[in-house]
Amino acid sequence: MKKVLIATVKPFAPAAINQMKNLLDKAGYKMILLEKYPDKKALIEAVKNVDALIVRSDKIDAEVFEQAPNLKIVVRAGAGYDNIDLKAATNNKTVVMNTPGQNANAVAELVLGMMVLMARNQFNGTPGTELKGKTIGIHAYGNVGKNVARIAKGFDMNVVAHDPYVSSEIVERDGIKDYENVEDMYKNAQYVSLHIPATPQTIKSINYELLKQMPDNAVLINTARKEIIDEDGLLQLMAERPDFKYISDIAPDKRDEFETRFADRIFFTPKKMGAQTAEANINAGVAAVNQIVNFFENNDQTYKLN
Ligand code: 3PG
């Protein structure tokens, strides 16, 4: 009987776990649940005999793989896989997959929700502004970016985008102006929503030089990764530009400094909340289970990352 470990510091919704268990039962696989585990030691203990692993942002590094000789597949139930050491996985002969798109709508709804919160001065009773007629720049037109664009259009916003990996034709087919040059997009968008992964190329790429291009009353929204921001550059810019606001679903390393210096111009969710909806948990969790079953039963390697 194949053993599938679900190891999540941040648990899935109970409805998602129920559906995942039903699917695993049907396939004749055993589900092992390790939620809110206290430390890496607990994870290492749990992976020892399992054939498959489902995680969220949980860090799966070489040390974990070394302790998991039977582990054939890890599925990151979500999009970003910067938490998984792909090289160590390959060395261990473990296939790594993600479940792209499954939580995209949840993240996109949070983007617009946080934008309304900031546009209304965090509901402090003073007159705010509306989103209608303002321009939002989508930095990377992938699954989340596309959903942000769709919802922003519902607010009657003007939507523009930049993505070096997506052709202008695809972006413009959705009625969105595509900027080939990233700086041009920043120059023309009062709101910029970040949807780039954290890679060696993108880490700290959202920096002072880029952000200073943004027009008056600029708002930067980050539901991607904290690592892509050059925090010192952003702090410097916010000191120079009292009109500049920053909203993030992933608190920066220098959270205290942002909060002390710019309290009314920042908003950070207390915990990463983008993918935290029952629907997203069900979508990503069920997709992860289906991918595992299909991998073992049909050698289906769709969404393989390594
Ligand atoms: C993702 O990469 O899918 C999102 O950042 C969600 O991450 P989470 O599963 O840890 O909430």
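Residues numbered from 1 in each chain as written. Predicted model: local features only at pLDDT ≥ 70, side-chain atom pairs only at ≥ 80, totals over all residues. Heavy atoms only, no water.

Looking at the overall build of the protein
Within the protein one finds 12 helices and 12 strands. Here the C-alpha atoms of the protein give a radius of gyration of 21 Å, agreeing with the 19 Å that 2.2 N^0.38 yields for 306 residues. Within the protein, contacts between residues separated by at least 24 positions form 62% of all contacts whose residues are at least 6 apart in sequence. (Helix = DSSP H or I, 4+ residues; strand = E, 2+ residues; numbered from the N terminus. Rg over C-alpha atoms; globule rule 2.2 N^0.38 Å. Contact = heavy atoms within 4.5 Å.)

Section: the domain arrangement of the protein
Segmentation of the protein into domains returns domain 1 (3-102 + 277-298) and domain 2 (104-268). The gap between the C-alpha centroids of domain 1 and domain 2 is 31 Å. The interface of domain 1 with domain 2 comprises eight residues on the first partner and five residues on the second. Roughly 460 Å² is buried in total at the junction of domain 1 and domain 2, and carbon and sulfur atoms are behind 47% of that figure. (Domains from an automatic or database assignment. Buried area = accessible area lost by both parts, 1.4 Å probe.)

A short note on unusual backbone geometry
Residues other than glycine predominantly adopt negative phi, and peptide bonds predominantly adopt the trans conformation. Phi is positive for N121, which is not a glycine, with a value near 50°. Tracing the backbone shows N121 in the loop between α5 (104-119) and β6 (135-139). Phi at D156 takes a positive value of approximately 65°, unusual for a residue other than glycine. As for its position among the elements, D156 is in the loop between α6 (143-154) and β7 (158-162).

Regarding the pairing of strand β5 (residues 95-98)
Taking every second residue as pointing to the same face, both faces of β5 are buried, with V95 and M97 on one and V96 and N98 on the other. Where strand β4 (residues 73-76) meets β5, four bridges bridge the pair, whose relative direction is parallel. Each bridged residue has a counterpart across the sheet, and for V74 the counterpart in β5 is V96. Each parallel crossover has a hand, and the one from β4 via helix α4 (residues 86-91) to β5 is right-handed. (Buried < 20%, exposed > 50% of the residue type's maximum accessible area, 1.4 Å probe, protein only. Pairing = 2+ DSSP bridges. Right-handed = clockwise from strand over helix to strand, strands pointing away.)

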